[in-house]
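Examination of the molecular architecture
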Amino acid sequence: MDVTPPYTGRFAPSPSGPLHFGSLVTALASYLDARAHQGQWLVRIEDIDPPREQPGSALLILKALENYGMIWDGEVLYQSLRTGAYQHELERLLKQGLLYPCTCTRKRLAGLAGVYPGYCRSKTSMPQGPYSLRLQCPDQPVVFEDRIQGRQEQQLSALGDFILRRKDNLYAYQLAVCVDDAFQKISHVVRGYDLMDSTSKQLYLQSVLGYRQPAYAHVPVITANNTGEKLSKQNHAAPLPLDEPRPLLIKAMNVIGVDLDISLNHCSVEEIIHWGVKHWRINNIIQSSSIPLPPLS
Ligand code: GLU
Ligand code: ZN
């Protein structure tokens, strides 16, 4: 698909642990796509969930990006400094009558696989105790063209009314990501396939907030060979080595359809990245939700 400039992309890690091979793959796809379109590439640290943060991991992530040759433009944006903007947008939605308070306990929602059936939809006054705020979603489909995965269609009612502010008063990822993608004028989002359902929610939230919508591309997630689960900080995927980035950088390129001349093994990180930008074709990524972890040694 053609991409017309100006292009602004981003990588938006949560600082819940160091980068691993799976996050290298998504960071790299987003970086190469931006640079191949002469675009800007921004980094945003999504540090709005202190209980899930690991001290020091934001700096480790930035260090890994630098060592792997992905140099960002401008200043890193920290979401923990953006709560005023989230509150402002939340109040705009409240005034429009699009949010409602939910007091459901975890126990009440057990077994629903994260799809909220609207128990509290008719609540109008704000409860005394703790409550979350949910966005009332209509029963309508969200349709978009994914630049890797093709046409996507998702019924909003199958995802349920989602939370924008949590019971513990923290702002939810769905709200923060939409507010900041708009604030940073992100034109192209390239991220992991695990966020596909979130994209439908975000497209809807962007439409009610009156934001311009970025183009989306969802890269297959890397799965662990023994369990078939997505590599993640939660299942203790090995942190990226910071001293010798080249072997894994080359492996990550292969996974997203950039084949390197083997002699490039003797090149610097910068030369490998340069090769990647030059040979980047988003259509060379396989159209799949996941790819098994290749042998890393
Ligand atoms: N912070 C999210 C994560 O690390 C990604 C957000 C995004 O790319 O939209 O899973
Ligand atoms: Zn409820």
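This text follows the structure it describes.
Remember, it's a predicted structure, so these values are computed and weren't measured experimentally.

On a plain count of helices and strands, the protein comes out with seven helices and twelve strands. Taken over the C-alpha trace, the protein has a radius of gyration of 20 Å; the compact-globule value for 297 residues is 19 Å, and the two agree within 12%. In terms of principal-axis extent, the alpha carbons of the protein reach across some 65 × 40 × 35 Å. Sequence-distant contacts, at least 24 apart, represent 76% of the contacts inside the protein between residues at least 6 apart. For the protein, the computed accessible surface area is about 14,400 Å², with 52% contributed by carbon and sulfur atoms.

The next point concerns the nonpolar core. Grouped together as the largest cluster of nonpolar side chains are 51 residues, with contacts concentrated most on Phe21, Leu28, Trp41, Leu65, Met70 and Ile256. Of all the secondary structure elements, the ones that give two or more residues to this core are helix H1 (21-36), strand S2 (40-45), helix H2 (57-67), strand S10 (215-219), helix H6 (246-255) and helix H7 (269-279). Broken down by element, the residue count for this core peaks at nine residues, all from H1. Core analysis: the second largest hydrophobic core is formed by 32 residues, Leu93, Val177, Cys178 and Leu203 among them.

Let us now look at helix H3 (residues 83-95). Given 3.6 residues to a turn, an α-helix orients residues that are three or four positions apart in the same direction. The terminal C-alpha atoms of H3 lie 18 Å apart, and with 13 residues this matches the ideal 18 Å at 1.5 Å per residue to within 8%. Among the residues making up H3, those that are buried are Tyr86, Glu89, Leu90 and Leu93. Along the axis of H3, the buried positions cluster into a sector of 105°, meaning they face one direction only. More than 90 degrees from the buried face of H3, the exposed residues found are Gly84, His88 and Lys95. Summarising the contacts, the buried residues of H3 are in contact with strand S4 (99-102), strand S5 (132-135), strand S8 (163-165), helix H4 (173-183) and helix H5 (196-209). Downstream of H3 by one or two residues, Gly97 has phi in the positive range, about 70°.

Of all the positions in H2, only Ser57, Ala58, Ile61, Leu62, Ala64 and Leu65 are classed as buried. Take H2 and look down its axis: the buried residues cluster within an arc of 160°, on one side only. Check the buried side of H2 and you find it contacts strand S1 (8-11), H1, S2 and strand S3 (77-78). A positive backbone phi angle near 85° is found at Gly69, which sits one or two residues after H2.

Looking at the metal site, the zinc ion (ligand 2) is ligated by Cys102 (SG), Cys104 (SG), Tyr116 (OH) and Cys120 (SG), spaced 2.0 to 2.3 Å from it. Each of the four donor atoms around the zinc ion (ligand 2) contributes to a set of angles spanning 101 to 122°, which defines the coordination as tetrahedral. All donors of the zinc ion (ligand 2) belong to a single chain; written as a sequence motif, their spacing is C-x1-C-x11-Y-x3-C. Placement of the pair is Cys104 in the loop between S4 and S5 and Cys120 in the loop between S4 and S5, with a sequence separation of 16 residues. Comparing Cys104 with Cys120 shows no difference in burial state: the two are buried.

Criteria and cut-off values
- Residues numbered from 1 in each chain as written.
- Chains lettered and ligands numbered in written order.
- Predicted model: local features only at pLDDT ≥ 70, side-chain atom pairs only at ≥ 80, totals over all residues.
- Heavy atoms only, no water.
- Helix = DSSP H or I, 4+ residues; strand = E, 2+ residues; numbered from the N terminus.
- Rg over C-alpha atoms; globule rule 2.2 N^0.38 Å.
- Contact = heavy atoms within 4.5 Å.
- Areas by Shrake-Rupley, 256 points an atom, 1.4 Å probe, with all protein chains shown as cover.
- Core = buried A, V, L, I, M, F, W, Y, C linked by side-chain atoms within 4.5 Å.
- Buried < 20%, exposed > 50% of the residue type's maximum accessible area, 1.4 Å probe, protein only.
- Expected span 1.5 Å × (residues − 1).
- Arc of directions from axis to C-beta.
- Donors = N, O, S within 2.8 Å, 3.2 Å for Na, K, Ca; no water.
- Tetrahedral: all angles 85-135°; square planar, octahedral: opposite > 155°, others 65-115°.

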